[in-house]
Amino acid sequence: MAALLPAEWIKNWEKGGKSEFVQLCRALSENKNHDVGFRDIQQALYELAYHVVRGNLKHDQASNVLGDVIEFREDMPSILADVFCILDIETSCLEEKNKRDHFTQLVLACLYLVSDTVLKERLDPETLESLGLIKQSQQFNQKSVKIKTKLFYKQQKFNLLREENEGYAKLIAELGQDLSGNITSDLILENIKSLIGCFNLDPNRVLDIILEVYECRPEYDDFFVPLIESYMYMCEPQTLCHILGFKFKFYQDPSGETPSSLYRVAAVLLQHNLIDLEDLYVHLLPGDNAIIEEHKREIVEAKQIVRKLTMVVLSSEKTEEKEKEKEKEEEKTEKPPDNQKLGLLEALLKIGDWHHAQSIMDQMPPFYSTSHKPIAIALCQLVHVTIEPLYRRVGVPKGAKGSPISSLPNKRAPKQAESFEELRKEVFNMLCYLGPHLSHDPILFAKVVRLGKAFMKEFQSDGSKQEDKEKMETLFSCLLSITDQVLLPSLSLMDCNACMSEELWGMFKTFPYQYRYRLYGQWKNETYNSHPLLVKVKAQTIDRAKYIMKRLTKENVKPSGRQIGKLSHSNPTILFDYILSQIQKYDNLITPVVDSLKYLTSLNYDVLAYCIIEALANPEKERMKHDDTTISSWLQSLASFCGAVFRKYPIELAGLLQYVANQLKAGKSFDLLILKEVVQKMAGIEITEEMTMEQLEAMTGGEQLKAEGGYFGQIRNTKKSSQRLKDALLDHDLALPLCLLMAQQRNGVVFQEGGEKHLKLVGKLYDQCHDTLVQFGGFLASNLSTEDYIKRVPSIDVLCNEFHTPHDAAFFLSRPMYAHHISSKYDELKKAEKGNKQQHKVHKYITSCELVMAPVHEAVISLHLPKVWDDISPQFYATFWSLTMYDLAVPHSSYDREVNKLKVQMKAIDDNQEMPPNKKKKEKERCTALQDKLLEEEKKQLEHVQRVLQRLKLEKDNWLLAKSTKNETITKFLQLCIFPRCIFSAIDAVYCAHFVELVHQQKTPNFSTLLCYDRVFSDIIYTVASCTENEASRYGRFLCCMLETVTRWHSDRVIYEKECGNYPGFLTILRATGFDGGNKADQLDYENFRHVVHKWHYKLTKASVHCLETGEYTHIRNILIVLTKILPWYPKVLNLGQALERRVHKICQEEKEKRPDLYALAMGYSGQLKSRKPFMIPENEFHHKDPPARNAVPATVQNGPGGAGMPTSVTINTVRLEEGTTEETADKLKEKSQGVVKVINKTVNATPKVTTSNGSSASNSKIIKEKDDKEKSGKEKDKEKKDKTPAATPEMKALGKDGKDKPKEERANKEEKAREIKEKTPKSDKEKEKVKKEEKASKEEKSKTVVTIIESKSTAEKEREKEPSRERDLAKEMKSKENAKGGEKVPVAGSLKSPVPRSETSESEREQKRRKVDTHSSPSHSSTVKGTAVLPKVPLVSENYSSSRVISVHFLQDNLNELKESSAKHYINHTTPTLSKSKEREVEKKDLDKSRERSREREKKDEKDRKDRKRDHSNSDREVPQDSTKRRKEENGTTGSSKHSKSESPSDSPRLNEKEKEKNKSKSSGKEKGDSIKAEKMEKSSSGSKKESRHDKEKTEKKEKRDSTGGKEEKKHHKSSDKHR
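Residues numbered from 1 in each chain as written. Predicted model: local features only at pLDDT ≥ 70, side-chain atom pairs only at ≥ 80, totals over all residues. Heavy atoms only, no water.

Draft legend 1. A look at the overall build of the protein. The helix and strand inventory of the protein stands at 78 helices and 0 strands. Across the 1621 residues that make up the protein, the buried fraction comes to 57%. Taking the intrachain contacts of the protein between residues at least 6 apart in sequence as the baseline, contacts between residues at least 24 apart amount to 82%. (Helix = DSSP H or I, 4+ residues; strand = E, 2+ residues; numbered from the N terminus. Buried < 20%, exposed > 50% of the residue type's maximum accessible area, 1.4 Å probe, protein only. Contact = heavy atoms within 4.5 Å.)

Given below as structure tokens:
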């Protein structure tokens, strides 16, 4: 733009420039175009001033010219001020200070032209200050800001109502009029429009007034809502929301409180969609972030409170109280600021706008909104309204009136639920938002629960279509969710409301326990952490529980129980968890806690059951103590608590029982402890091994007797609890599965579970499993009805073959079924025919038995191999397993004892003065009733037993088939019947002993009682060693009962003759055929029986000593248990008792520090043994004949058929056989335990000479010798007594020697010499044969007198010999087979060969020689001195009883040995029948010397013989026995001898010749002492080697039976021949 002011004008200012400038200004101001002139003047003035600033023109010159120009225009001062303003800005930006100075000077010069007010307006405050127009620029600034604010921002307080008061007054009159008439919102709206137009009213203000009036008249929703809706068409949509927002903002200062009417209006407008929630929400305080922060703070505070409560506070109580007071004050002062969001939410809920309310709740943390009571109550009210119709229809209990709730007037409120499906759509959702805060409204809680109950009823009975079923399933799962999220947490927050708890149980009991327990689990472990309130409640509950439990004692059970009850109504899970933790630590709390739980509700009891299971299943807890041998005490305490609490209170058992079943399925048997306790407490069925004999006897009676006399604690009133237990088992089908699982788990304990565990613990678990099975089975048997039982228990073959149940357990479970079945059949038959005769009854009973048992006989065949049924019939097997003690005998003494107790009780009641009469009467009635019951029961049992015995009498002939041998039969009987059952339970142990006696008394064909008893007593080591602790106890009971019977027979000849004398069980000749001749000569007589009993006692001692010496824990523990049990009947013999006592004393010393439990057992037994000492008797009193017994002999001799026809070698063979078996068993022993080496060696040394008595007389004259023994003078008896002290251990050695007389010492010397000689001189076969011939000749001489008898006998013998010859061939085959197989043990009937190679045998003999050096006197010495039956021919260790075929029978052989010795003595004595006793003694002495010399020579030969034989053996295994048998056949000329010699084992043959020689020797000398020593030697050698397999053992046993029977016949005939002489 061109400059208006040329530079020349400035240069020539005074000359012409000034006038030029004035002219220009005048021209410009006169210009018509106003705008253009104005801008040009501005420019002209600006350029002028600019030249002044640059210093081209002086300021006074400029001011002069401006003074001239100022008059041209009116606005000239203003234009000038603008110019100054621009320059002011420009110069203030410049750096040159002089320009700024020029500018100020110019302005100062022009001040008279422009007023200071204009300048103050336009110039900068700093410039004004420099010009002096203002004092301080800062103050000026502030003042100007204030003025500007006042001018531009501060509204004048206009009150439109005042300003336009008539319009607004009319508006309020319109809105406030009575609206009840025909006035509509449309009409009013028209009027409002007119008023706005007429009085120019502000439409927004009018809307505000409408809202204000609506707030005041909330009842006119129907009028105002349409009015506002119509009015809004005239406004912008956002206006209403803004106005409401302003209204809410008005109340947002800290002290403000938003009125509920405003919330309500906002809620209604939201419900009618006149405003959007999102738009309004932003106007409300507090913000969402603040709410989230507050929620977090609450959680933290809750946790702090918990910490405070759980902390142990050691400060004084006063400071605690002060702190509490402070906290209370703080709570009072902190009033929470107004939360408008919650206020709006409450209003929405009140008017029933669930949709918007839900949206607001979703913006907040869960349960935050409902944690405010008003909101929770509003929501509860909404739910009340929604469920009303459905509740009235299905929920109201019968007889309850109830107060109906009217529905909301609001049509937009949620639809009321008419069906369960509708309930799910809205109500369940509302309840989920309520959560734990349903606790604010217990009535609603009850309603919801009742609806749940009604639904469950419908759900369970529903048989509708598939679609409906699916809907119902969905509903059911929703109901469970509601229970979990709402009902249970709400119960926790309720103030101990027992009614609610019961109400809830009404619904819960319709759920299966699996669902209930899941709910309790969630409640206990998760719910309490979901909300700050619940966190606090949990802590307070624990705190209170601690307080109560600290003070709980037996004395204050009632008050403490009430407190526990009160606490449990709301928070049972937390409380019980704590209580159970205490019980696990302190078991003495169990009783008071159980008693204090009587104030619980049904729900609480159920929760308790869950808590118990949870505690049991706790994976963090160890089930074993640190020593790993015992079950943890916490588990024992819990189990005990379980039993007590389930018995006392009606708690559902299904969960607990299922838990045990699941644990068993998983192969864990620890938890059986719980089942055991529960059954014991609930059904009163105790399982204890410590039962007295009286109790055991009572247990064999009826139910009433069991209850009265069978248990330790008198467990009364178990009817209800046992019914509950039964129902639980049947309803959930757990009865049979638990039984089967336990039966299977018994083996599982050993083979699966017990892998890494301590043996002691495995035994404990096995016992626990077994005991629980017995107890549980007993419970089922006594509580299940016949139908239930039969329906559930499958047949025996299914149990064993499909379920793999062990046979003993399977029969145990089936037994009650048979009994039930038989009795019901019997009742049917009785009703059908009304014949009352006893015979008829018995006949019917037998018929019913046959009907029931026939299928069982069929079924059992599949349980065993077909071979088994050759010996015992399925009928016998089933009969044995199906009967019980109840069927065999009536415990009369037990019944009498209990009846007498009741009589005493009644007398005591009569004598009691303090008892009130009515109570007296009641008690007496009870006792009388019991007495009558017992007597009735006794009568009933007596009849039953008689019937059973009749049945057995008829059955017995088909029982034992004996297709092989009697020995085999006994083996099968013991293996399959007696041994598995005698360790099953204490009563079964007694039953087994009774059954054996019963089979004997019934005169059962093919049953050898003697064999049976012998097998039971002979080899107990393996059986004892393989038992658990409780099994050992039962086995002890069994042995005790067996010994009792034996002792009874042993005690009195009359009893023996009466009960055994003529019974087939005591035949000593075992025929393979079914013929059991009732021949007196074949029977074992009384005195020989006494010898046999002594032998059994000796065997028991030997086994016991062995077990005690092993050092093995189980051996020692078990034998001590067994010994304690059999103490009443063993030891009876003094020397055996002393031997035991020494061993036990040693155990006490050794185990005191190491194994205290063994020490305790040993000490206990030791004490009891000492107390029995006075009742022990010397050995000669135990088995010796009185002189008068002589007279009896002739009769017996004459009765029996002659025995001379029986070949000599038969008897020899039997002895040989028996030696063989003992040798082999002893050899095994060597390998097994070195501890008993000495005993074995002693017996080894003792044996060979026993049998060296004359072959012919050996077999006959045992009894005669015994008579002689008895006749010996007192001196000799004393001598023998001393001889008899056993010395099984080194300690005993000294004792034995000290007690002996000189003759004894001589004997010992002789024995030593004999031993040396024997070692040096083995005999050759030829010499042996010579001896045989001599024997034969002597036999023939003797038997001349009884030729006729011989002839009659020989035919029978021949027949008998034929049969074994067949067996011999069989045996050969078997032997070759076995050699091929490596000695596989397959028992074959009748075969007797031993597969042991000769080399082995010879080696064992070498070992024996080596050991002989350090051997001394032993029990065998003393016992054989008299030639008794006690020669210990049994190994210390037998085969395991599980195979039980191996339990060898030796007593017959023993008898034979004794016979051989004694016959010699007797023969000598009878050659001089007239001699007096003193003369006899002299003769004996002479003979003794002679016999010593002979024995030395023979023993040298023996030794040589043996060495030769060994060489032969190693070369050829089979040839030798065949050669030898041929030779024997030639020499003896009898098939019998050859038969037997063949069947003996190779290892036995060396001893054959020794025996023969010894027999020859004894024929000439026959001195008793010599014989006894020889016997000892023989015994030792025989028991030294024990390498025989089971198979061979059986073979030898069978042979022994036959041989021994032959031997005994001979024995009797030789007696007679001696007599004739």
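Okay, back to it.
Draft legend 2. Summary view of a negative patch on the surface. On the surface, a cluster of negative charge is made up of Glu 467, Asp 468, Glu 470 and Glu 473. By the element assignment, Asp 468 lies in helix α25 (residues 466-493). (Patch = residues over 30% accessible without salt bridge, like charges linked within 9 Å, V, L, I, M, F, W, Y side chains within 5 Å. Areas by Shrake-Rupley, 256 points an atom, 1.4 Å probe, with all protein chains shown as cover. Salt bridge = Lys/Arg side-chain N within 4 Å of Asp/Glu carboxyl O. Lys, Arg positive; Asp, Glu negative; His and termini not counted. Charge placed at Lys NZ, Arg CZ, Asp CG, Glu CD.)

Draft legend 3. Highlighting the environment of Ala 617. In this structure, Ala 617 sits in the loop between α32 (602-616) and α33 (633-648). C-alpha separation for the pair Ala 617 and Asp 671, spaced 54 residues apart in sequence, amounts to 9.2 Å. The contacts of Ala 617, once residues within four sequence positions are left out, are Arg 623 and Tyr 659.

Draft legend 4. Examining the packing of aromatic side chains more closely. Tallied over the full model, the rule gives 50 aromatic pairs. With centroids separated by 5.0 Å and ring planes inclined at 50 degrees, the aromatic side chains of Phe 812 and Phe 984 adopt a geometry described as tilted. Taken together, the positions of Phe 812 in helix α43 (residues 807-832) and Phe 984 in the loop between α49 (966-982) and α50 (986-1001) put the pair 172 residues apart, joining distant regions of the chain. With a relative accessible area of 11%, Phe 812 lands in the buried category. Every member of this aromatic cluster is reached through a ring pair, and the members are Phe 420, Phe 455, Phe 459, Phe 476, Phe 508, Phe 511, Tyr 513, Tyr 515, Tyr 517, Tyr 520 and Tyr 610. Its guanidinium or amino end placed over the ring of Tyr 547, Arg 551 lies 3.8 Å from that ring's centre, counting from NZ or CZ. Over the ring of Phe 880 we find Arg 981; its NZ or CZ atom is 5.5 Å from the centre of that ring. (Phe/Tyr/Trp six-rings, centres within 6.5 Å; stacked < 30°, edge-to-face > 60°. Lys NZ or Arg CZ within 6 Å of the ring centre and 35° of its normal.)

Draft legend 5. Local environment of the packing of helix α3 (residues 34-54) against helix α6 (residues 97-109). As a packed pair, α3 and α6 sit with axes 7 Å apart at the nearest point and diverge in direction by 130 degrees. Looking at the two axes, α3 sits oblique to α6. The two elements α3 and α6 meet at a crossing, and its hand is right-handed. Here Ala 49, Val 52, Val 53 and Arg 54 of α3 lie close against α6, whose contacting residues are Lys 99, His 102, Phe 103 and Leu 106. A per-class count over the contact of α3 with α6 returns 5 nonpolar, 1 polar and 2 charged. (Axes fitted to C-alpha atoms, helices over the stretch in contact; angles between N-to-C directions. Parallel < 35°, antiparallel > 145°, perpendicular 65-115°, else oblique. Left-handed = near helix turned anticlockwise from the far one by under 90°. Nonpolar A, V, L, I, M, F, W, Y, C, P; charged D, E, K, R; others polar.)

Draft legend 6. How the structure looks around the pattern of salt bridges. Counting across every chain of the model gives 50 salt bridges. When the shortest N-O distance is used, the salt bridge between Glu 1109 and Arg 1143 registers 3.9 Å. Linking Glu 1109 in helix α55 (residues 1086-1110) with Arg 1143 in helix α57 (residues 1134-1154), this pair joins segments that are 34 residues apart in sequence. Here Glu 1109 matches Arg 1143 in class, with each residue buried. The salt bridge involving Lys 1173 is made with Glu 1141; its shortest N-O contact spans 2.9 Å. Pair noted here: Lys 1173 is in the loop between α58 (1156-1172) and α59 (1179-1182) and Glu 1141 is in helix α57, with a separation of 32 residues, a long-range link. Taken together, the shared-partner salt bridges in this structure form one network comprising Arg 205, Asp 208, Glu 212, Glu 215 and Lys 247.

Draft legend 7. Highlighting the nonpolar core. With 317 residues, the main nonpolar core has Leu 344, Phe 641, Leu 738 and Phe 1038 as its most contacted residues. Setting aside chain neighbours within four positions, we find Leu 344 in contact with Tyr 263, Ala 266, Ala 267, Leu 270, Leu 277, Leu 280, Leu 284 and Ile 360. Leu 45, Ala 49, Leu 131 and Leu 133 belong to the second-largest nonpolar core, a separate cluster that totals 40 residues. (Core = buried A, V, L, I, M, F, W, Y, C linked by side-chain atoms within 4.5 Å.)

Draft legend 8. Here's a closer look at α25. A rise of 1.5 Å per residue sets the reference length of α25, with its 28 residues, at 40 Å; its end C-alpha atoms lie 40 Å apart and thus fit the reference within 8%. Its maximal kink placed at Thr 483, α25 deviates by approximately 40 degrees. (Expected span 1.5 Å × (residues − 1). Bend = angle between axes of the 7 residues up to and from the residue.)

Draft legend 9. Layout of the environment of Leu 444. Residue placement: Leu 444 occurs in helix α24 (residues 442-461). Separated by 64 residues in sequence, Leu 444 and Cys 380 place their C-alpha atoms 6.9 Å apart. Once you skip the residues sitting within four places of it in the chain, Leu 444 turns out to touch Cys 380, Val 383, His 384, Ile 387, Leu 434 and Leu 438.

Draft legend 10. Region of the structure containing helix α34 (residues 654-665). With 12 residues, α34 extends 16 Å from end C-alpha to end C-alpha; this agrees with the ideal 16 Å at 1.5 Å per step. By the criterion of burial, α34 is predominantly enclosed, with 9 of the 12 residues buried. Listing the buried residues of α34 in full gives Ala 654, Gly 655, Leu 656, Leu 657, Tyr 659, Val 660, Ala 661, Gln 663 and Leu 664. Those residues of α34 that are buried lie in contact with α27 (513-525), α32, α33, α35 (672-683), α38 (719-731) and α39 (735-753).

Draft legend 11. The arrangement of the environment of Ala 1103 in detail. If you trace the backbone, Ala 1103 turns up in helix α55. On a C-alpha basis, the gap between Ala 1103 and Tyr 1022 in space is 9.3 Å, while along the polypeptide they are 81 residues apart.

Draft legend 12. Spatial organisation of the confidence of the model for the protein. With 69% of its residues at a pLDDT of 70 or more, the protein shows a mean pLDDT of 75. Of all the helices and strands in the protein, helix α60 (residues 1192-1199) carries the lowest mean pLDDT, 35, while helix α16 (residues 260-271) carries the highest, 95. Considering only residues more than four positions removed or in separate chains, one finds that residues 1072-1078, a stretch of pLDDT under 50, has 15 contacts. Predicted confidence for residues 1186-1328 stays below pLDDT 50, and this span has 580 contacts to residues more than four positions away or in other chains. (pLDDT = per-residue confidence, 0-100.)

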